[in-house]
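Listed here are the chains, written in short residue letters.
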Amino acid sequence: MKGDRVEIVIDAGNGSPRTYEISATRAGRRVEVANRRGLVEVSEVTRSGTAVRTARFMSSRILALVEHPADEPDDTDATG
């Protein structure tokens, strides 16, 4: 869903951490996180499941991975 995003903080080895952000940029897209063989893969995926953009990080270098889901519309204000 547009607005989904994932922040990844990496130990870059030079004393200061680096922060990366992957976001769902268009309506109908979502961000998926997969952990495979020592790698963490973060992908922006279309409705049909095709990866548009992918970032891969070594899991041993990740300091933090924070998922921010998109804000969903609030249906509790409906009258009736």
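Now for a look at the structure at hand. Residue numbers here run from 1 along each chain, matching the order of that chain's written sequence. Since the coordinates come from a predicted model, pLDDT governs what is reported: local features require at least 70, and pairs of side-chain atoms require 80 or more to be given and counted, while whole-chain, interface and lining totals use all residues. With hydrogens and water set aside, each side-chain value is computed from the structure's full complement of heavy atoms.

It is worth spelling out the pattern of salt bridges at this point. Pairing between side chains becomes possible if they bear opposite charge and their charged atoms approach one another. Just to be clear on terms, a salt bridge is a Lys or Arg side-chain nitrogen sitting within 4 Å of an Asp or Glu carboxyl oxygen. One pass over the full model with this rule turns up 8 salt bridges. The partner of Glu 7 in a salt bridge is Arg 5, with the nearest N and O atoms 3.3 Å apart. Arg 53 is paired through a salt bridge with Glu 44; the nearest N and O atoms lie 2.7 Å apart. By relative accessible area, which is 0% here, Glu 44 ends up buried. Residues participating in the shared-partner salt-bridge network are Arg 5, Glu 7 and Glu 21. Relative accessibility thresholds used throughout: buried, under 20% of the residue-type maximum; exposed, over 50%; partly exposed, between the two (1.4 Å probe, protein chains only).

Inspection of the sheet shows strand S1 (residues 5–11) paired to strand S2 (residues 17–23) by 7 bridges, in the antiparallel sense. Following the sheet pairing, Ile 8 is matched in S2 by Tyr 20. Two strands qualify as a pair provided DSSP detects at least 2 bridges between them. Note on conventions: DSSP H or I runs of at least 4 residues are helices, E runs of at least 2 residues are strands, and numbering of each starts at the N terminus. In textbook terms, the turn of a hairpin is the stretch between consecutive antiparallel strands, and for S1 and S2 this stretch comprises 5 residues, one of which, Gly 13, has a positive phi near 90°.

The next point concerns the packing of aromatic side chains. Ring pairs are drawn from Phe, Tyr and Trp, using the six-membered ring of Trp, whenever the two centres fall within 6.5 Å, and their geometry is named by plane angle: stacked under 30 degrees, edge-to-face over 60, tilted for the rest. Under the criterion given, the structure shown has 1 aromatic pair. An angle of 45° between the planes, with centres 5.4 Å apart, marks the rings of Tyr 20 and Phe 57 as tilted. Taken together, the residues span a long stretch of sequence, with Tyr 20 in strand S2 and Phe 57 in strand S5 (residues 51–58) at a distance of 37 residues.

Worth remembering: the numbers are spatial, not functional.
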